[in-house]
Amino acid sequence: MKNIIIGIAVFATTLSACNNSSDKSNEAKNKNSDSVITSSKTNQEPTKVTTSVKDIIDGYLQMKNALVNDNGSDAANAGKTIMTAVDKMDTSSLSDQQKKSFADVADDIKENAQHCSVNGNKIEHQREHFEMLTQDMYDLVKSAGAGQTLYYDHCPMYNNGKGANWISEIKEIKNPYLGKKMLTCGSVKEALK
Amino acid sequence: MKLIKKILLAILIVLVAIQFIQPGKNNSNEILPTDISKQFSIPESVQAVLKTSCYDCHSNNTRYPWYSFIQPGAWWMASHIKNGKADLNFSEFGSYSTHKQQSKLKSIANTINDGSMPLSAYTIIHNTAKLSKENKALVIDWATKMKDSLSQKIKL
Ligand SMILES: [Cu+2]
């Protein structure tokens with residue numbers, strides 16, 4: 001009997017300890033999974049100390065192409081690439097006006113990229129965030145420039161006919177919202193320089 | 001038989017013991033200057049729906065239901081509040097960048113439209129938080145219009 005009571009007392013204290021530290025251990029877990037991914041990435045290319053708008057665009061295009069291929073786990077990885085690119089962004093070469101626009105889009109780009117990164121098994125949810133991400137990217141490119149020719153495409157069918165836009169590095173239409181189902185649905189609305 | 005009695009007793013005592021471990025409560029009662037109602041015009045009808053169906057998990061003021069005073073209900077509620085506020089906090093909506101506000105408004109319309117919000121685990125217990133067809137349309141319409149007017153602002 002005594003043993004039981006002692007056992008319960010120990011159990012209860014452990015529980016209360018868990019309760020307080022649950023936030024921290026979650027954070028630690030997130031950090032761990034992040035670092036695993038970054039380290040596997042460093043095998044392919046040396047990690048850059050700072051990144052530019054181009055790296056963010058590259059991450060976005062990587063996500064776009066993953067969604068074209070209906071590949072949620074690649075899209076999730078691209079989300080992580082984008083988050084790192086935004087975090088390490090070197091804004092020193094931007095004008096004041098550009099800095100201001102960057103500050104306004106940066107946290108939303110990260111938030112949308114983050115949701116994509118943790119929803120590798122829910123591609124339709126990724127596509128919802130990709131649509132919002134596109135709006136951020138469009139405004140970023142308009143303000144800071146693309147450094148390459150990009151195409152702003154429109155798909156009238158996505159979202160029950162409400163339509164949605166995306167940015168592509170190629171002129172040919174490859175639809176990231178409908179993927180294989182309707183690969184060539186859409187048209188170029190604008191060329192971005 | 002004796003063993004079963006001991007185990008039952010142990011479970012009972014554990015249940016009693018965890019009642020003493022209560023997570024901190026999320027009700028500041030103060031309306032921050034960043035509160036969505038301080039920065040945007042929200043029709044009263046929309047505000048009422050948001051308060052009833054969303055604020056328990058997406059604001060700094062939770063109206064705690066009875067089961068949240070009983071463990072493990074309190075943990076369950078606390079984890080919803082923590083994750084819910086991380087994604088969307090109406091009490092701090094005004095501190096978001098314009099782009100983020102825009103995205104959140106779109107997400108609000110999306111989640112209501114596809115029925116993923118309010119969480120069904122919650123509406124099972126909180127019948128009043130369930131959204132009627134009219135209330136869904138009301139909030140979606142408001143969120144979409146708000147979003148469009150913010151997009152307009154960004155373009156200028
Ligand atoms: Cu999401």
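Below is a summary of the structure that appears in this document. (Residues numbered from 1 in each chain as written. Chains lettered and ligands numbered in written order. Predicted model: local features only at pLDDT ≥ 70, side-chain atom pairs only at ≥ 80, totals over all residues. Heavy atoms only, no water.)

### Let's talk about the interface of chain A and chain B
Contact residues are listed per partner, giving 24 residues for chain A and 27 residues for chain B. Together chain A and chain B conceal approximately 2200 Å² of surface at their shared face, both sides included; 56% is due to carbon and sulfur atoms. The salt bridge partner of A:Glu111 is B:Lys104, with a shortest N-O separation of 2.6 Å. Counting every contact that joins chain A to chain B gives 10 residue pairs in polar contact (both at pLDDT 80 or more). Per element, the largest residue contribution to the side of chain A that touches chain B is 9 residues, and it comes from helix α1 (residues 2-42) of chain A. (Contact = heavy atoms within 4.5 Å. Buried area = accessible area lost by both parts, 1.4 Å probe. Salt bridge = Lys/Arg side-chain N within 4 Å of Asp/Glu carboxyl O. Polar contact = N/O pair within 3.5 Å; in protein donor to acceptor, adjacent residues only side chain to side chain. Helix = DSSP H or I, 4+ residues; strand = E, 2+ residues; numbered from the N terminus.)

### What to know about the sheet that holds strand β3 (residues 187-192) of chain A
Residues and elements named next belong to chain A. With antiparallel pairing, 3 strands are arranged side by side in an open sheet as β2-β1-β3. Each edge of the open sheet carries a strand with a single partner, namely β2 (164-168) and β3. Taking the axes of each pair of neighbouring strands and ignoring which way they run, one obtains an average angle of 25° across the sheet. Strand direction decides the pairing type here: strand β1 (residues 150-155) and β3, joined by 5 bridges, are antiparallel. In the sheet register, Leu-150 faces β3, and the bridge partner there is Leu-192. Packed on one face of the sheet, helix α2 (residues 53-68) meets β1 and β2 and runs near 120° to β2. Sitting on the sheet, helix α5 (residues 123-144) touches β1, β2 and β3, and the angle it makes with β2 is about 55°. (Pairing = 2+ DSSP bridges. Axes fitted to C-alpha atoms, helices over the stretch in contact; angles between N-to-C directions.)

### Re a nonpolar patch on the surface
Together, B:Leu3, B:Ile4, B:Ile7, B:Leu8, B:Ile11 and B:Leu15 give the surface a local cluster of nonpolar side chains, amounting to about 580 Å² of exposed area. Following the sequence through the fold, B:Leu15 ends up in helix α1 (residues 2-18). (Patch = residues over 30% accessible without salt bridge, like charges linked within 9 Å, V, L, I, M, F, W, Y side chains within 5 Å. Areas by Shrake-Rupley, 256 points an atom, 1.4 Å probe, with all protein chains shown as cover.)

### A look at the coordination of the copper ion
Residue and element names in this part refer to chain A. In the first shell of the copper ion, the protein supplies His-115 (ND1), His-125 (NE2) and His-129 (NE2), at 2.0 to 2.1 Å from the metal. Sequence positions of the residues that donate to the copper ion give the spacing H-x9-H-x3-H. Residue His-115 is located in helix α4 (residues 96-117), and its partner His-129 is located in helix α5; the two are separated by 14 residues in the primary sequence. For His-129, a relative accessible area of 3% puts it in the buried group. (Donors = N, O, S within 2.8 Å, 3.2 Å for Na, K, Ca; no water. Buried < 20%, exposed > 50% of the residue type's maximum accessible area, 1.4 Å probe, protein only.)

### Some remarks on the packing of aromatic side chains
In this structure the tally under the stated criterion is 8 aromatic pairs over all chains. Their ring planes at 70° and their centres at 6.2 Å tell us that A:Trp166 and A:Tyr177 sit as a pair that is edge-to-face. Here A:Trp166 is found in strand β2, whereas its partner A:Tyr177 is found in the loop between β2 and β3, with 11 residues between them in sequence. The same class applies to A:Trp166 and to A:Tyr177, which are both buried. Ring centres of B:Phe40 and B:Phe93 lie 5.7 Å apart, and the angle between their planes is 75°; this geometry places the pair in the edge-to-face category. (Phe/Tyr/Trp six-rings, centres within 6.5 Å; stacked < 30°, edge-to-face > 60°.)

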